[in-house]
Amino acid sequence: MPAPSTPAGPDPLADPARVVVVRRLLVELPGSAPFDRLAHLATRLLAVPTAQVVLLTDVAVRVGGFGRPTVMGSATPLDQVFGSVAARLRAPLVVPDTATDPRVAGLSVVASGEVRACLSLPLVLTAGDVVGALTLLSPEPRPWSEDDVALAGEVAATVVTELELVAASIAVRSSLSRLELALEASEVGSWERDLRTGVATWDERNAAIFGLPGPVVLTGDEEMTKRIHPDDHGVVQQAMQAALAGSGEFVVEMRALRPDGEARWTVSRGRVVRDQAGEPVRLLGTSVDVTEARRQAQVRLAAVQRAAVVAEVAAELANADRMSDLAEAALRGAAVLGADASALAVFAGGHGPLRLHMTRRLVDAVESGTGAVLSDEGVELPLDDELPTQYVARYGETVLLPDRASAVARFPRMAEVGDLVGVRALAALPLRLEGRVLGCFVAVWAEDHPFSPEDVELLGALAAQIGLSISRLHADAQRDAAVAEMAAANARLELLAETGRVLSGTMEITEQLGRLAELVVPALGDWCWVVVTDEHGRMRQLASAHRDRARSGELADYVRSMVGGMTEHAAARVVTRTGRPLRVPGLDAAYISRALPDPVAREQLARLHPDSGIVVPLVSRGRTLGALGLYVSAERGRHSDAALETALELGRRAGVALQQARLFGQQRQLAETLQRSMLTAPPAPDHCEIAVRYVPAAAGAEVGGDWYDAFVQPDGATVLVIGDVVGHDSRAAAAMGQLRGLLRGIGHHTGGTPAEVLTGLDRASAGLDLDVMATALIARLEQDDPELSAAQTRVRWATAGHPPPVLISADGEVTVLDGDAPDLLLGVEPGTARSDRVAVIGRGGTLLLYTDGLVERRDRDLDAGVAELCRVLAGLTELPLQELCDRLLQRMYLPDTEDDVALLAVRLHPQDEPRPPEAGPQRVPPGIEPSPDVHPAAAGPA
């Protein structure tokens, strides 16, 4: 158990009042026996040899103990007893080893080795005075457990109980003595009434209270009642009946009527005496004249009440959150003076218009008298001198009007106001803070009210407290406004940042503006629409969003009707025509009729419940491309200037994104046209079917360096080409076009083998300074070889660093035609030697050529990709060739692939099978088409 440290500061044991309390106890102690027994009990409970009870004055006095003998009443210096340390701590002193604890190491019994462990607990009376300590001592070190401390605490509590009894005895005797003195000095009279005969007997002092010489005997109720004030007869009778029927105690405050007519306030106390049968027989009591005490008490009570009211009202004012709450709290203060209502006139924000905030009674009176409904924000007052409220707020002077005549004489309009709200007296005091007038505090009375200096003092104190609270509310409002503005600014910045992210996430115009619409609702409006103009100036709907997603379809129907039927007066057309933002503060019927002549559109708009809105242009490089409309309901309130500025910035950013998207669309269309011109349809030889596919990379314009080609040489052989120029941009596409044209010309003109064609292409590229590197694979289908049967076709191919072709036999076996390692890429060393490879394909077999974008990924190399390709093809061998290509792309192509994919597949017709009709252009497979960056035209002709 950690040892508490001795508190710093003045010595608590040196308190003179505490020492007096302990000395009184020492004088009144009956002896040491009870404390000896408790000390003995403590030693038995905790198994220690010694326990002592000491009281602490300026020395330690032993009043009981067990163990090592100590003379009863012996005094020891405070710094030589363990109890002094515990008393100063006001907590248990727990010392397992006194030799190691600096708090007790200096005690003589510790230095001599007599005590090696101690547990000392302070003795604290209910009044809070530390009067002594219970200490347990051990000659050997020992650890004190929590149970030890708890047991010792129980014994110490019993010791305190004994001491409390002594203290109580002292208090009782003292009280009795004081009571005897008080009775003698206060002229308390005694009385007795025989309930059976009705005879009452008063002693001299009781008779003197009623102005009679005594003692007095009254023989009936009439004699009694005529000496009591008539207004108090009922109170006396009620108290009497309650005493007889209840506890038997009689207490009543009444006025005694003296023979000279003077009324004196008295307090009579009595008790019912009953016989053995329990029947009341007598009433014994006392009376005391409390007239002067009552008067003084009333004076003191009034002062205390006023101080208490000011304190209470100050606490309420400190917690008030609104001006109306301040007025109600101020009324509770003025009600001490009998005020019926109050009001505060405060300059809004400290410098704005003067607004009057009234308590409920005044509000009800004004509303019932005028029929008006007053706002919770108060009533704005003109700054004139016609009424005391404005006068005091303007000039900072206190105005006290004790009656209607004085009020009307100084402020003639008070006659009208007095009749309206029932005011006869009024006090108006300025609300000041640091010399600045914040407004005026007004208290009103329905009756005349002369103002005493005490009244003015109380009202001034209330005004001072109200001024502080108003200043606090102004400061709180300014702080809250600043915090709210900062939060709103941060929200606007976050919205703009999110807008940038959303608009840069895609180049599809519809998707961009759809995301923008979802983003600004509900941040800037309950619902919105986005419309744009095309290159011919026609307006069309692009996006809309409602905070209630269930109403999105309803809103979209309205926007379609709006775009299709709005006139030149409509906000969307005005904004796109002028390029300036437009506030629509109120959608009245006349405006809606001018803007939307179609009744269906007007009905659709009415169901959306717009109250107001703003429309901002979508601007880029000085051109207005469209408009963004944001609308709110009446509950939300109209758009602020900050919201309009945010919407304008959104419009500018959306305009730039829209312009970029349009440019991208134009570039994509151009790229599509270029792609179509370079990737022409393959031939249709009578011995085979050829299918081709092209999918561009996910990013950038839809053009790249991958290509395919097929043509027939003069000798009838079909040449198949697949290639990939290094790079994924328009430069790579241009280089691809040049290489493709050269290869086609060289292959057709020379009729050479694939290796010869690649060698010629490499040398021609170097000679023409094309400065391009590419992989390529050329395959030649030769079916007129006399060494082969009619059911076989020889394929001869050469590769320049390109992935190997894959062969699917007629019976579905998938084989990679890898042969030797591929020859060097084109564009590296034009003089390199290239070689042909040869394989035989049976009728019904399929040869697949592809670029590395189909098989390579960031997470796998070429070999793993080719293995995956073979696995996928094994499940597609029964499909027709065109469907096989589509399914293969669905399974192998990823929408976010960063490389182009070109695919060329050839299937030899089975023998005697008629040639299928020529295939037309093929689309990208359904699994590929939804990618936002893959345009259907990018599939190329097939």
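Heads up: the structure comes first, above all this text.
Notes on the structure follow. Computed from a prediction, not measured in an experiment: that's the story for all the values here.

Rules behind the numbers
- Residues numbered from 1 in each chain as written.
- Predicted model: local features only at pLDDT ≥ 70, side-chain atom pairs only at ≥ 80, totals over all residues.
- Heavy atoms only, no water.
- Phe/Tyr/Trp six-rings, centres within 6.5 Å; stacked < 30°, edge-to-face > 60°.
- Helix = DSSP H or I, 4+ residues; strand = E, 2+ residues; numbered from the N terminus.
- Buried < 20%, exposed > 50% of the residue type's maximum accessible area, 1.4 Å probe, protein only.
- Lys NZ or Arg CZ within 6 Å of the ring centre and 35° of its normal.
- Expected span 1.5 Å × (residues − 1).
- Patch = residues over 30% accessible without salt bridge, like charges linked within 9 Å, V, L, I, M, F, W, Y side chains within 5 Å.
- Areas by Shrake-Rupley, 256 points an atom, 1.4 Å probe, with all protein chains shown as cover.
- Salt bridge = Lys/Arg side-chain N within 4 Å of Asp/Glu carboxyl O.

With respect to the packing of aromatic side chains
And step 1. Going through the model one piece at a time under the given rule, you end up with eight aromatic pairs.
And step 2. Arranged with centres 6.1 Å apart and planes meeting at 85°, the rings of Trp527 and Tyr558 form a pair that is edge-to-face. Within this pair, whereas Trp527 is found in strand β19 (residues 527-533), its partner Tyr558 is found in helix α17 (residues 552-565), the two being separated by 31 residues in sequence. For the pair formed by Trp527 and Tyr558, the shared burial category is buried.
And step 3. Aromatic side chains Trp527 and Tyr631 sit 4.7 Å apart centroid to centroid with 15° between the ring planes, which places their arrangement in the stacked category. Of the two residues, Trp527 is situated in strand β19 and Tyr631 in strand β23 (residues 623-632); the sequence distance between them amounts to 104 residues.
And step 4. Judged by relative accessible area, Trp527 falls into the buried class, the value being 2%.
And step 5. Taken together, the aromatic side chains of Trp527, Trp529, Tyr558 and Tyr631 make up a single cluster linked through ring pairs.
And step 6. Note that Arg142 overlies the ring of Trp144, its terminal NZ or CZ placed 4.3 Å from the centroid.
And step 7. The ring of Trp265 carries Arg294 above its face, with NZ or CZ at 3.8 Å from the centroid.

Description of helix α23 (residues 754-767)
And step 1. Here α23 contains 14 residues, and its C-alpha end-to-end distance of 20 Å stays within 8% of the 20 Å for a straight helix at 1.5 Å per residue.
And step 2. Taken together, the buried positions of α23 are Pro754, Ala755, Val757, Leu758, Thr759, Leu761, Asp762 and Ser765.
And step 3. Trailing α23 by a residue or two, Asp769 shows a phi angle of about 55°, which is positive.

Observations concerning a nonpolar patch on the surface
And step 1. A cluster of nonpolar residues, Val726, Met773, Leu824 and Val828, forms a patch on the protein surface that exposes about 320 Å² of accessible area.
And step 2. Given a relative accessible area of 51%, Val726 falls into the exposed group.

Describing the pattern of salt bridges
And step 1. Taken as a whole, this structure holds 46 salt bridges when the rule is applied.
And step 2. For Arg693, the salt bridge is made with Asp886, and the minimal N-O distance between the two is 2.9 Å. Here Arg693, found in strand β24 (residues 688-695), pairs with Asp886, found in helix α25 (residues 881-892); they are 193 residues apart in sequence, far enough to count as distant. Neither residue differs from the other here; Arg693 and Asp886 are each classed as buried.
And step 3. Between Arg871 and Glu868 there is a salt bridge, with the nearest N and O atoms lying 2.7 Å from each other. Here Arg871 pairs with Glu868, and both are found in helix α24 (residues 862-874), just three residues apart, close to one helical turn.
And step 4. On the basis of relative accessibility, which here comes to 24%, the residue Glu868 falls in the partly exposed class.

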